[in-house]
Amino acid sequence: MTKLTLLCISLAVIHVQAVSNDWWKDAIIYQIYPRSFKDSNGDGIGDLKGITSKLEHVRDIGADALWLSPIYTSPQEDFGYDVANFTDVDPVYGTLDDFDKLTAKAKSLGLKVILDFVPNHSSNEHPWFKMSIKRMKPYDEFYVWRDAKIVNGVRKPPNNWLSAFGGSAWEWNDQRGQYYLHQFAIGQPDLNYRNTDVYLTMSDVLTFWMNRGADGFRIDAVNHMFEDARMLDEPRNNNNVPIDDYDSLDHIYTKDQRETYEVIKAWRNMMNQYAHEHDTDAKFIVTEAYTNLDEIKRYFQAGANPFNFAFISSLNKNSVAKDFKREIKLWLKNIPNYKDANWVTGNHDNHRVASRFGAKKSDMVIMLSMILPGFCVVYNGDEIGMVNKFLTWEETRDISGCNAGPDRYFIKSRDPERTPFQWDSSTSAGFSTAEKTWLPVHENYKSLNLQVEKLASVSNYKFFKTLTSLRKNFPVIKNGDIDMKLISDHVLVVLRSLEGLSSVVLVINTAETEVVVDVNIWLNIPKQMVVYSSNVDSKINIGSFVDTSSVKLPASGSVVLVPEL
């Protein structure tokens, strides 16, 4: 048994008074990508003061918490996911004092603050790595180092493992005379969690930020934290991609290793103990792992909330109602308690929901995320219907796209979904006073921006607010049961109900044609109900009465019905 296993077991048996607070169970979590949210000093890059100045917007749209993508000291090779100091703020974003002011204002507005925690790797500019190169204790084994494999007198990497950003996952270091593992960029060496000192040091990082007011953490790339100690080659698959592309291997030795769950369980216990000792609300842990349901269940068992990426990875613009029902049912069936569910509609690593599904169906996806039990996660800009921007090779900044080269950059780049938030019609969409921003603003900003949408009678902003209002005003969304009826391959009805509470009905049509459906025959609902919300282009009036035995939905139309108010 490893020292780490013993440590985790000892932490797990500490008696910790159960924390009953579960504020995230029905929360709306709003992800902010700091570089692109609001620039306060005119350098073309978003920052903490800019975020602080716009927190009223986060509260206004009905969010309960904001999740900040990394703000730590970093050379910005992977825009903050390459951390050079885990306990300080990068100067481009501000200072620790700026973070404290952001947290104070957020709490005054009733908002929780969730930080991105990047445990798998650091930057190669981190002092730990520089000392590890020199074999200085205790940092000599802080990273995953291995000797070269010599083949016919030629130095080769220890095995065939590949980086998620392309090419070998191993980089030679002349000074140390060994290869180090980097599952992402060359400048992101993997930390070695088989070394107990690494676990303890990173635990101290969590405590540092909890002391500064962090209410929880989104744990980045969590299923990459451990690798099989045998260092075996990973098998090739039949994907039709270049041989050095990450997707050419089945990652059975570099992902989803069992020791990962021991660490998550220990961190869960540590945070519970912290909340108890400091008399705070429970601390939130949400994990990012693009993996299968068996692995997802293990995160639940370890005490974390794993992100549900069904709306990103499993469904798309060609999916029909029966596909949505299948994926929703699969998730609810496999989690410990359906109220622990969550629904992620977008993030900084995937194309925007309006670009993945199209405008009408993206509204449907957001409606589902708000109606279904559990918490939902929305990416900044999606509340106003922002879409991907096409970027040329010359404009590309994302290392994933850059490493893919000019012929394939558009397949790998995450820049299209990271362009600046469109606040108004002024210079750089009100994001910055600078004409040139770190990524160019989408050219549609004069017609698609928050200011325009606030003034419009119908808009994505107003649509989004009706849905967050629904969650606040109808307790059945938090406490009610769920029933789903597939009326046809293209029409799905979702009912949230509980005795003594007003029911909420969502009807979605994934067909490209108008449909008229009898919802009343399938569900125990009133004959007449009221439209609470409908997708932006539906032309269905909010507040109008609907005969539930004859609900008319336009092509790709969706509607939320409630009893007469």
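Scroll up a little and you will see the structure.
Procedures and definitions
Residues numbered from 1 in each chain as written. Predicted model: local features only at pLDDT ≥ 70, side-chain atom pairs only at ≥ 80, totals over all residues. Heavy atoms only, no water. Helix = DSSP H or I, 4+ residues; strand = E, 2+ residues; numbered from the N terminus. Expected span 1.5 Å × (residues − 1). Buried < 20%, exposed > 50% of the residue type's maximum accessible area, 1.4 Å probe, protein only. Phe/Tyr/Trp six-rings, centres within 6.5 Å; stacked < 30°, edge-to-face > 60°. Lys NZ or Arg CZ within 6 Å of the ring centre and 35° of its normal. Axes fitted to C-alpha atoms, helices over the stretch in contact; angles between N-to-C directions. Parallel < 35°, antiparallel > 145°, perpendicular 65-115°, else oblique. Left-handed = near helix turned anticlockwise from the far one by under 90°. Contact = heavy atoms within 4.5 Å. Nonpolar A, V, L, I, M, F, W, Y, C, P; charged D, E, K, R; others polar. Polar contact = N/O pair within 3.5 Å; in protein donor to acceptor, adjacent residues only side chain to side chain. Pairing = 2+ DSSP bridges.

Help me understand helix α12 (residues 359–371), please; the structure alone is not making it clear to me.
Since the α-helix packs 3.6 residues into each turn, any two residues three or four apart lie on the same face. If you check α12, its first and last C-alpha atoms are 19 Å apart, about what 13 residues at 1.5 Å a residue would give, namely 18 Å. Along α12, 11 of the 13 residues are buried, which leaves the element largely enclosed by surrounding structure.

Just checking my understanding: could you explain the packing of aromatic side chains for this structure?
Tallied over the entire structure, the rule returns 40 aromatic pairs. Ring centres 6.2 Å apart and planes at 65° place the aromatic pair Phe117 and Phe217 in the edge-to-face group. A residue pair is termed long-range when its members are at least 10 positions apart, and Phe117 in strand β5 (residues 112–117) and Phe217 in strand β11 (residues 216–219) qualify at 100 residues. Given the relative accessible area of 1%, Phe117 is considered buried. A connected cluster of aromatic rings, assembled from ring pairs, spans Tyr72, Phe86, Phe99, Trp128, Tyr139, Phe142, Phe208 and Trp209. Arg35 extends its terminal NZ or CZ atom over the ring of Trp438, reaching a point 4.5 Å from the ring centre. Over the ring of Trp423 we find Lys54, and its NZ or CZ is 4.4 Å from the ring centre.

Help me understand the packing of helix α8 (residues 293–301) against helix α10 (residues 321–334) in this model?
The relative placement of two packed helices is expressed as an angle between their axes plus a distance between the axes. Closest axis-to-axis distance for the α8/α10 pair is 10 Å, and the angle between their directions is 40°. Considering the angle they form, α8 stands oblique to α10. As for the relative orientation of α8 and α10, their crossing is right-handed in sense. Each of Leu293, Ile296, Lys297 and Phe300 in α8 lies in contact with α10, whose residues at this interface are Leu330, Trp331 and Asn334. A class-by-class count of the residues in the contact of α8 with α10 yields 5 nonpolar, 1 polar and 1 charged.

I would appreciate a short explanation of the side chain of Arg414 in the present structure.
Position of Arg414 among the secondary structure elements: in the loop between α14 (409–412) and α15 (450–455). The class of Arg414 is buried, set by a relative accessible area of 12%. Polar side-chain contacts of Arg414 include one of 3.0 Å to the side chain of Asp78. Not counting the four nearest positions on each side in its chain, Arg414 is found in contact with Asp78, Phe165, His348, Asp349, Asp398, Ile399 and Ser400.

How should I be thinking about the sheet that holds strand β21 (residues 545–547) in this particular structure?
Strand pairs in the sheet, formed through backbone hydrogen bonds, run parallel or antiparallel to each other. Reading across the sheet, the 6 strands line up as β16-β17-β18-β23-β20-β21 and stay open at both edges, with antiparallel pairing between neighbours. On the outer flanks of this sheet lie β16 (481–488) and β21, each paired with one strand and no other. Taking the axes of each pair of neighbouring strands and ignoring which way they run, one obtains an average angle of 30° across the sheet. For strand β18 (residues 501–509) and strand β23 (residues 558–562), the ladder comprises 4 bridges, and the chain directions are antiparallel. Note on β23: the bridge partner recorded for Val505 is Leu561. Along the sheet face, helix α16 (residues 460–473) touches β18, β20 (528–534) and β23 and points at about 125° away from the line of β20.

I'm lost on the pairing of strand β10 (residues 178–181) in this one. Help?
Note on strand geometry: in a regular strand, side chains alternate between the two faces of the sheet. Because side chains alternate across β10, one face comprises the buried residues Gln178 and Tyr180, and the other comprises Tyr179 and Leu181, equally buried. When strand β6 (residues 145–146) meets β10, the two strands line up antiparallel, connected through 2 bridges. When the bridges of β10 are listed, Trp145 appears paired with Tyr180. Of the strand pairs in this sheet, strand β9 (residues 170–173) and β10 are connected by 4 bridges, and their pairing is antiparallel. Pairing of Trp170 across the sheet is with Leu181, part of β10.

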